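The residues making up each chain are set out below.
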Amino acid sequence: MNETTTQETAAATALEQARERLIVAMDVPDAHQAMELVSRLAGTCQWLKVGLELYVAAGPRMVTALAEQGYNVFLDLKLHDIPNTVGSTARTAAVLGAKMLTLHAGGGPAMLTAAREALAGVGDAPQLLAVTVLTSMDAAQLKAVGVDRAPADQVMELARMGKACGINGFVCSPQEVAALRTLTGAEGVLVIPGIRPVGAAVGDQKRVATPADAIRQGASYLVVGRPITQAANPAEAAEAVLNEMATAL
Ligand code: C5P
């Protein structure tokens, strides 16, 4: 193989790896708009995130419909309830075909352990992802709920607790990914929102990173919403994000 061909092959491989690691956040208000977005994305991505808004509007049928179309579905319900309820819900999410499921680390060790145990032995169980401190919480918000630590310290405290319960997947901001990667090791699954391609509007996100930076710092998956979903051409915007990710792979 000559040098140009080798470089082209490496670039194509990096792009395919990027495609496996991009999650598009389907933050739309109903099933019709979700399906329209899916058709406009036209196979550019393999992962779609169904969050509370779409789940409340369209229900579990949304998860099964996307899974039937061959997508990996990240069900972002951020569960926080008694251990028994969270455990049963995790099992139901597995039956629906969700491949990732979020729960709040703040639910405590009994809740996290119940979720993990509920999925033990379930074939094709979703990857559990613990949400540590929401990016909307600053020091003042934490203090108001009785936490006197800095947000970054609270993130690490909750992540250590999650890991001790056997949960090695986390959602975190680009600022925390490097520290969490040190905690989880290579096998940890770190899912990172707050991604903004070079030149994109930041919107309401505060702690942002570019796709390439987030990958370099140790992200396993990137969650991207508005820069793709609100673009005039979502498929083109997704390809641009994938190309940025690929430069870091
Ligand atoms: O549109 P944008 O790219 O900001 O969307 C980011 C997605 O990631 C949204 O669905 C949002 O709910 C989610 N998310 C986040 N910050 C967190 C956890 C989830 O922005 N800490």
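Figured I'd write up the structure that's included with this text.

The rules behind each value
Residues numbered from 1 in each chain as written. Predicted model: local features only at pLDDT ≥ 70, side-chain atom pairs only at ≥ 80, totals over all residues. Heavy atoms only, no water. Helix = DSSP H or I, 4+ residues; strand = E, 2+ residues; numbered from the N terminus. Rg over C-alpha atoms; globule rule 2.2 N^0.38 Å. Buried < 20%, exposed > 50% of the residue type's maximum accessible area, 1.4 Å probe, protein only. Contact = heavy atoms within 4.5 Å. Areas by Shrake-Rupley, 256 points an atom, 1.4 Å probe, with all protein chains shown as cover. Near = heavy atom within 4 Å. 1 Å grid on protein atoms, 1.4 Å probe; cavity = no way out; pocket = protein on both sides within 12 Å on 5 of 7 lines; lining within 4 Å. Sits in = over half its atoms within 2 Å of the grid points. Nonpolar A, V, L, I, M, F, W, Y, C, P; charged D, E, K, R; others polar. Lys, Arg positive; Asp, Glu negative; His and termini not counted. Salt bridge = Lys/Arg side-chain N within 4 Å of Asp/Glu carboxyl O. Pairing = 2+ DSSP bridges. Axes fitted to C-alpha atoms, helices over the stretch in contact; angles between N-to-C directions. Phe/Tyr/Trp six-rings, centres within 6.5 Å; stacked < 30°, edge-to-face > 60°. Lys NZ or Arg CZ within 6 Å of the ring centre and 35° of its normal. Core = buried A, V, L, I, M, F, W, Y, C linked by side-chain atoms within 4.5 Å.

**Some details on the overall build of the protein chain**
Phase 1: When its secondary structure is counted, the protein chain shows 12 helices and 8 strands.
Phase 2: The C-alpha atoms of the protein chain give 18 Å as radius of gyration, which agrees with the globular expectation for 249 residues (18 Å, within 12%).
Phase 3: With the C-alpha coordinates of the protein chain rotated into their principal frame, the extents come out at 55 × 40 × 35 Å.
Phase 4: Every one of the 249 residues in the protein chain was classed for burial, and the buried ones make up 49%.
Phase 5: Restricting to contacts in the protein chain with at least 6 residues of sequence separation, those with at least 24 account for 68%.
Phase 6: When the accessible area of the protein chain is evaluated, it comes to approximately 11500 Å², of which 54% is carbon and sulfur surface.

**Things to note about the site of the ligand**
Phase 1: By nearness alone, 13 residues border the ligand, and Asp 27, Arg 196, Gln 205, Gly 225 and Arg 226 come closest of all.
Phase 2: In the complex, the protein chains occlude 85% of the 470 Å² of accessible area that the ligand would expose alone.
Phase 3: The site holding the ligand turns out to be the largest pocket.
Phase 4: Elements that contribute at least two residues to the shell around the ligand include exactly strand 8 (221–224) and helix 11 (226–229).
Phase 5: Taken together, the residues of the shell around the ligand sort by class into 5 nonpolar, 3 polar and 5 charged.

**Comments concerning the side chain of Glu 244**
Phase 1: Positionally, Glu 244 belongs in helix 12 (residues 234–246).
Phase 2: We note that Glu 244 is buried and unpaired, the nearest opposite charge coming from Arg 216 at a distance of 8.4 Å.
Phase 3: Apart from the residues lying within four places of it in its own chain, the contact partners of Glu 244 are Pro 197, Val 198, Thr 210, Pro 211 and Ala 212.

**Details of the sheet that holds strand 4 (residues 98–104)**
Phase 1: With parallel pairing, 8 strands are arranged side by side around a closed barrel as 1-2-3-4-5-6-7-8. Looking at each pair of strands side by side, their axes are set apart by 25 degrees on average, direction ignored.
Phase 2: Bridge analysis of strand 7 (residues 189–192) against strand 8 gives 2 bridges, and the strand direction is parallel. For Ile 192, the partnering residue across the bridge sits in strand 8 and is Leu 222.

**As for the packing of aromatic side chains**
Phase 1: As enumerated under the stated definition, the model contains 1 aromatic pair in all.
Phase 2: An angle of 70 degrees between the planes, with centres 5.3 Å apart, marks the rings of Trp 47 and Tyr 221 as edge-to-face. Residue Trp 47 is found in strand 2 (residues 47–51), and its partner Tyr 221 is found in strand 8; the two are separated by 174 residues along the sequence.
Phase 3: Given the relative accessible area of 8%, Trp 47 is considered buried.
Phase 4: Looking at Lys 49, its charged tip hangs above the ring of Phe 74, at a distance of 5.9 Å from the centre.

**Brief notes about the nonpolar core**
Phase 1: Among the nonpolar cores identified, the biggest contains 69 residues, and Leu 48 and Ile 228 are the most heavily contacted of them.
Phase 2: Considering each element in turn, this core owes the most residues, 6 residues, to helix 12.
Phase 3: With residues near it in sequence (within four places) discarded, Ile 228 still touches Leu 22, Val 24, Leu 41, Pro 234, Ala 237, Ala 238 and Val 241.
Phase 4: In this structure, Phe 74, Met 100, Leu 129 and Val 223 belong to the second largest nonpolar core, which totals 12 residues.

**Some words on the environment of Val 171**
Phase 1: Within the secondary structure, Val 171 is located in strand 6 (residues 169–171).
Phase 2: Judged by relative accessible area, which is 15%, Val 171 ranks as buried.
Phase 3: The sequence separation of Val 171 and Thr 132 amounts to 39 residues, and the corresponding C-alpha distance is 7.2 Å.

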